[in-house]
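Here's the letter readout for the chains.
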Amino acid sequence: MMRIDVISAVPDSLISPLNTSILKRAQERKKVEILVHNLRDYAYDKHKQIDDKPFGGGAGMLLKPEPFFECIERLLNERKYDHIIFPTPGGKFYDQKMANNFSLKENLLIIAGHYKGIDDRVREKFATDEISIGRYVLTGGEIAAWIIIDSVVRLIPGVLNDSESALNDSLMDGDIIEAPYYTRPAEYKGLKMPEVLLSGHEKKIKDWKEEQSKILTEKWKKINNLE
Ligand code: ADE
C-alpha cells in the first residue's frame with residue numbers, strides 16, 4: 001500500500017480535504033495510507049514555538065527549522081521516501097506526467113511550508129522535488145499538497161471504479177481535452193444537447209466525440225499559448 005506523509009503547521013486544514021469522497025474511499029479500501037503530522041508536536045521547547053522572526057528583517061514570521069528536522073528525521077529513521085516533495089512557487093510546474101510518476105511509488109513525503117515562511121535549510125537539506133502548482137501565491141503548501149495527493153491517489157489501481165476510469169481522462173495520453181458530457185434531461189430551460197448523442201449510432205457518436213475533442217484541444221492550446 002502506498003503511504004503519503006504530510007508535515008503541516010495547520011494540519012486541521014487537511015482533515016476534510018483528505019477524508020472526503022474518493023480520497024476517503026481510497027483509504028478505506030486500503031489503497032493508500034495518508035498521515036498528516038502536526039509540526040507543533042515536534043517543537044520541544046516549553047512554549048512549543050514553531051515560528052520566529054526572519055534574519056535580515058522583512059515582514060512576517062518564518063517556520064523554524066528544528067521542528068521540521070525533528071519530524072523528518074524521525075520519519076526517515078522508519079522508512080525510505082521515494083520523493084520528498086516541497087511545494088513552492090519557485091518549483092517546477094506540476095503536471096500529469098509528474099502525477100503518473102509519483103503514483104508508481106511506495107512512500108511520499110510532502111513538506112507543507114509557507115511562502116517566505118519556512119527556513120530555507122529545510123528545503124536545502126531534504127527536498128528532492130520542488131513543485132509549483134501554478135503561477136500564483138497561496139497562503140501555504142497545504143492546498144498544493146491536497147492537489148498533489150488527489151492527482152496521485154486517483155491513479156492507484158482500484159481507487160477509481162471502471163466507470164470513473166482515469167484511462168481516458170483529459171491529459172492522460174498527452175495533452176488531450178475530452179468532449180463535453182450531458183445527462184438527462186435532454187432539454188432543460190430551452191438548452192438542448194447535441195442530437196447525435198441521442199441517435200444510438202455508435203460510429204457517429206465516436207466521430208462526434210473525436211471531433212469535439214480536437215476542437216477543444218485546439219482552443220485550450222490557443223488560450224494557453226501552447227505550441
Ligand atoms: N505555496 C505557495 N504558493 C504555491 C504554489 N503556487 N505552488 C506550490 N506551493 C505554493
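About the cut-offs
As a convention, each chain's residues are numbered from 1 in the sequence order in which they are written. Since the coordinates come from a predicted model, pLDDT governs what is reported: local features require at least 70, and pairs of side-chain atoms require 80 or more to be given and counted, while whole-chain, interface and lining totals use all residues. Side-chain calculation: all heavy atoms of the structure are included, whereas hydrogens and water are not. Working definition: residue near molecule or strand if any one of its non-hydrogen atoms lies within 4 Å of it. With residues, only the protein chains shown are counted as cover, and all accessible areas are computed by Shrake-Rupley using a 1.4 Å probe. Under the DSSP-based scheme used, a helix requires at least four consecutive residues in state H or I and a strand at least two consecutive residues in state E, with every element numbered from the N terminus. Three classes are used, and their members are as follows: Ala, Val, Leu, Ile, Met, Phe, Trp, Tyr, Cys and Pro are nonpolar, Asp, Glu, Lys and Arg are charged, and the others, Gly among them, are polar. The cut-offs for exposure are 20% and 50% of the maximum accessible area for each residue type, with area from a 1.4 Å probe on protein chains only; residues under the lower value are buried, those over the upper are exposed, and the others partly exposed. What the arc measures is the spread of directions leading from the helix axis to the C-beta atoms. Note on contacts: a residue pair is in contact if any heavy atoms of the two residues lie within 4.5 Å. Here a polar contact is recorded for every N or O atom pair within 3.5 Å, except that within protein the pair must consist of a potential hydrogen donor and a potential acceptor, and residues adjacent in sequence are included only if both atoms are side-chain atoms. In this analysis, strands are considered paired if DSSP registers two or more bridges between them. Only the stretch in contact is used when a helix axis is fitted, and all axes are lines through C-alpha atoms; the angle between N-to-C directions ranges over 0 to 180 degrees. The charged-residue count follows a simple rule in which Lys and Arg add positive charge and Asp and Glu add negative charge, with His and chain termini not counted at all. Put simply, a salt bridge is a Lys or Arg side-chain nitrogen that is within 4 Å of an Asp or Glu carboxyl oxygen. Take the buried residues of types Ala, Val, Leu, Ile, Met, Phe, Trp, Tyr and Cys, join any two whose side-chain atoms come within 4.5 Å, and each joined set is a nonpolar core. Where a domain begins and ends is set by an automatic assignment or by a domain database. Stacked, edge-to-face and tilted are the three classes for Phe, Tyr and Trp ring pairs, Trp counted by its six-membered ring, which pair at centre distances within 6.5 Å; planes under 30 degrees apart are stacked, over 60 edge-to-face, the rest tilted.

**Description of the site of the ligand**
All residues adjacent to the ligand are Pro87, Thr88, Pro89, Ile131, Ser132, Ile133, Gly134, Tyr136, Val137, Leu138, Gly140 and Ala144. Taken by itself the ligand offers 260 Å² of open surface, and the protein chains cover 99% of this. Put simply, the parts of the chain that give the shell around the ligand at least two residues each are strand S5 (83-93) and strand S7 (129-132). The greatest single-element share of the shell around the ligand, amounting to 3 residues, is contributed by S5. Of the residues in the shell around the ligand, the class split is 8 nonpolar, 4 polar and no charged.

**Digging into helix H4 (residues 96-103)**
Regarding H4, the residues found buried are Met98, Ala99, Phe102 and Ser103. Burial along H4 is one-sided: seen end-on, the buried residues are contained in an arc of 135 degrees. Check the buried side of H4 and you find it contacts strand S1 (2-8), S5, strand S6 (107-111), S7 and helix H6 (142-153). Where H4 begins, the capping side chain belongs to Asp95, and its oxygen is found 3.2 Å from the backbone nitrogen of Lys97.

**Re the sheet that holds S6**
Across the sheet, 5 strands lie side by side as S2-S1-S6-S5-S7; this open sheet has parallel pairing. Looking at strand neighbours, the two that pair on one side only are strand S2 (32-38) and S7, the edges of this open sheet. Averaged over all pairs of adjacent strands, the angle between strand axes in this sheet comes to 30 degrees, irrespective of strand direction. By the bridge criterion, 5 bridges tie S5 to S7 in an arrangement that is parallel. Opposite Pro87, over in S7, you have Ile131 as the bridge partner. Helix H3 (residues 65-78) contacts S1, S2, S5 and S6 of the sheet and is inclined by roughly 165 degrees relative to S1.

**Section: the side chain of Asp129**
Examined against the element boundaries, Asp129 turns out to sit in strand S7. Lacking a salt bridge, the buried Asp129 has Lys105 as its closest oppositely charged neighbour, with an N-O distance of 7.7 Å. A distance of 2.9 Å separates polar atoms of two side chains, one belonging to Asp129 and the other to His83. Apart from residues no more than four positions distant in its own chain, Asp129 is found in contact with His83, Ile84, Ile85, Phe86 and Phe102.

**Things to note about the nonpolar core**
By size, the foremost hydrophobic cluster in this structure holds 26 residues, and its most contacted members are Ile4, Ile149 and Val153. Where this core is concerned, the elements lending two or more residues are S1, helix H2 (21-28), S2, H4, S6 and H6. Counting residues per element, this core draws most heavily on H6, which supplies 5 residues. Ignoring anything within four residues of it in the chain, the contact list for Ile4 reads Val32, Glu33, Ile34, Leu35, Leu108, Ile110, Ile149 and Val153. Residues Leu39, Leu75, Ile118 and Val122 belong to the second largest nonpolar core, which totals 19 residues.

**Here we look at the domain arrangement of the protein**
Domain parsing of the protein yields domain 1 (2-153) and domain 2 (175-227). Here the C-alpha centroids of domain 1 and domain 2 sit 38 Å apart.

**Regarding the packing of aromatic side chains**
With the rule as written, the count across this model stands at 2 aromatic pairs. An angle of 70 degrees between the planes, with centres 4.8 Å apart, marks the rings of Phe69 and Phe126 as edge-to-face. A residue pair is termed long-range when its members are at least 10 positions apart, and Phe69 in helix H3 and Phe126 in helix H5 (residues 120-126) qualify at 57 residues. Ring geometry for Tyr94 versus Phe102: centroids 6.5 Å apart, planes at 20 degrees, classification stacked. Exposure remark for Tyr94: the relative accessible area of 17% places this residue in the buried category. Phe102 sits in the buried class, given a relative accessible area of 2%.

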